Amino acid sequence: MNRLERKKMGLSIEIQKKPNKTDTRKIKKPTDVIELNEIKEIQNAMQEHLLLIGLDSANNIRTINLIGVGKSNLVNIDSKYIVRTALVTASERVILVHNHPSNSLEPSKQDKYVTNVVSKLLKVFNIEMLDHIIVTEDNYISMMCLKTFENKYVDERINFLDNVLLSEENNRLKKENERLNAQLQKYKKIENELEEELE
């Protein structure tokens, strides 16, 4: 049924369709990422390139997007852009990949920062960040395998986000508690009425 037919029938809903599945590649391990042609293209680049690989819940590739191109030693990207790209592409899981033209496999402070901040931001939208992989001309390193994802990562913005999320969760739990108490009172009232009838 097309939009005009729905309009004639008075239906105003629009069903969101899954993205066309033209990419049948699947990611099971970091080496699967390294074998992708898009990753091979950035391995020998003179500037840093940051790619986002968006996956569905079964780790099938939904999208591979170039997020940013930087200098020879960094790519400066706003974390909002990474989150927006993950949302727009309906990705349920995300892998970030960037190259180090210096051929160093050591994650920089900025790499660790972006990894941890973006991971935390994606969690807000129930999107899992599986890994952040650094590639060089002939090698790679998985930041997940290095344990660079830190659950206790401390940062002013992350602390603020944690506080906001805790506040929202606290408000949600308060409302749920109020609802359950109201329901309990209703059942107690019914129970009292039944006891009175039995006497």
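Note that the structure is predicted; figures quoted are calculated from it, not measured.

So, a nonpolar patch on the surface
Residues Leu 87, Val 124 and Phe 125 make up a contiguous nonpolar surface patch of roughly 240 Å² in combined accessible area. When you line up the elements, Val 124 lands in helix α5 (residues 109-124). Here Val 124 falls in the partly exposed class, since its relative accessible area comes to 33%.

As for the confidence of the model for the protein chain
Of the residues in the protein chain, 84% reach a pLDDT of 70 or more, and the chain-wide mean stands at 83. Summarising per-element confidence for the protein chain, the mean pLDDT is lowest in helix α1 (residues 3-8) (57) and highest in strand β3 (residues 93-99) (95).

Points about the layout of surface pockets
Taken as a whole, the largest pocket encloses approximately 220 Å³ of empty space. Lining the largest pocket are 18 residues, and of these Glu 48, His 98, His 100, Ser 108 and Asp 111 sit closest to its centre. Of the residues forming the lining of the largest pocket, the biggest block, three residues, is contributed by α5. Grouping the amino acids of the lining of the largest pocket by side-chain chemistry returns six nonpolar, nine polar and three charged.

A look at helix α4 (residues 79-88)
Of all the positions in α4, only Ser 79, Ile 82, Val 83, Thr 85 and Ala 86 are classed as buried. Down the axis of α4, the smallest arc covering the buried residues is 160 degrees, so these residues share one side. Opposite the buried face of α4, at more than 90 degrees from it, the exposed residues are Lys 80 and Val 88. Close packing links the buried residues of α4 with β1 (49-55), β2 (61-69), β3, α5 and α6 (156-198). The opening residue of α4 is Asp 78, an N-cap whose side-chain oxygen sits 3.1 Å from the backbone nitrogen of Lys 80. Once α4 ends, the next one or two residues include Ala 90, with phi positive near 55 degrees.

Comments concerning α5
Helix length check: α5, at 16 residues, gives a terminal C-alpha distance of 23 Å against a target of 22 Å (1.5 Å per residue), a fit within 8%. Residues of α5 that are buried: Asp 111, Val 114, Thr 115, Asn 116, Val 117, Val 118, Ser 119, Lys 120 and Leu 122. For α5, the elements touching its buried residues are α4, β3, β4 (128-135) and α6. Positive backbone phi, at 55 degrees, marks Asn 126, one or two positions downstream of α5.

A look at the pattern of salt bridges
Following the criterion strictly, the structure yields seven salt bridges and no others. Between Arg 25 and Glu 38 there is a salt bridge whose closest N-O contact spans 3.0 Å. One end of the pair, Arg 25, is in the loop between α1 and α2 (30-34); the other, Glu 38, is in helix α3 (residues 37-43), with 13 residues separating them in the sequence. Overall, Arg 25 belongs to the partly exposed group, its relative accessible area being 28%. Its salt-bridge partner being Lys 29, residue Asp 32 comes within 3.3 Å of it at the nearest N-O pair. On the basis of relative accessible area, Lys 29 is assigned to the partly exposed category, the value being 45%.

Re the pairing of β4
Most of β4 sits inside the fold, with six of its eight residues counted as buried. The pairing of β3 with β4 spans seven bridges and is parallel. By the bridge assignment, Asn 99 is partnered in β4 with Val 135. A crossover links β3 with its parallel partner β4, the connecting element being α5, and its sense is right-handed. Alignment of β4 against strand β5 (residues 140-142), held across three bridges, turns out to be antiparallel. The residue bridging Ile 133 from the neighbouring strand is Ser 142, located in β5. Hairpin remark: β4 followed by β5, antiparallel, with four residues in the connecting loop.

Definitions and limits used
- Residues numbered from 1 in each chain as written.
- Predicted model: local features only at pLDDT ≥ 70, side-chain atom pairs only at ≥ 80, totals over all residues.
- Heavy atoms only, no water.
- Patch = residues over 30% accessible without salt bridge, like charges linked within 9 Å, V, L, I, M, F, W, Y side chains within 5 Å.
- Areas by Shrake-Rupley, 256 points an atom, 1.4 Å probe, with all protein chains shown as cover.
- Salt bridge = Lys/Arg side-chain N within 4 Å of Asp/Glu carboxyl O.
- Helix = DSSP H or I, 4+ residues; strand = E, 2+ residues; numbered from the N terminus.
- Buried < 20%, exposed > 50% of the residue type's maximum accessible area, 1.4 Å probe, protein only.
- pLDDT = per-residue confidence, 0-100.
- 1 Å grid on protein atoms, 1.4 Å probe; cavity = no way out; pocket = protein on both sides within 12 Å on 5 of 7 lines; lining within 4 Å.
- Points joined across faces, edges and corners; volume = space filled by probe spheres on them.
- Nonpolar A, V, L, I, M, F, W, Y, C, P; charged D, E, K, R; others polar.
- Arc of directions from axis to C-beta.
- Contact = heavy atoms within 4.5 Å.
- Polar contact = N/O pair within 3.5 Å; in protein donor to acceptor, adjacent residues only side chain to side chain.
- Expected span 1.5 Å × (residues − 1).
- Pairing = 2+ DSSP bridges.
- Right-handed = clockwise from strand over helix to strand, strands pointing away.

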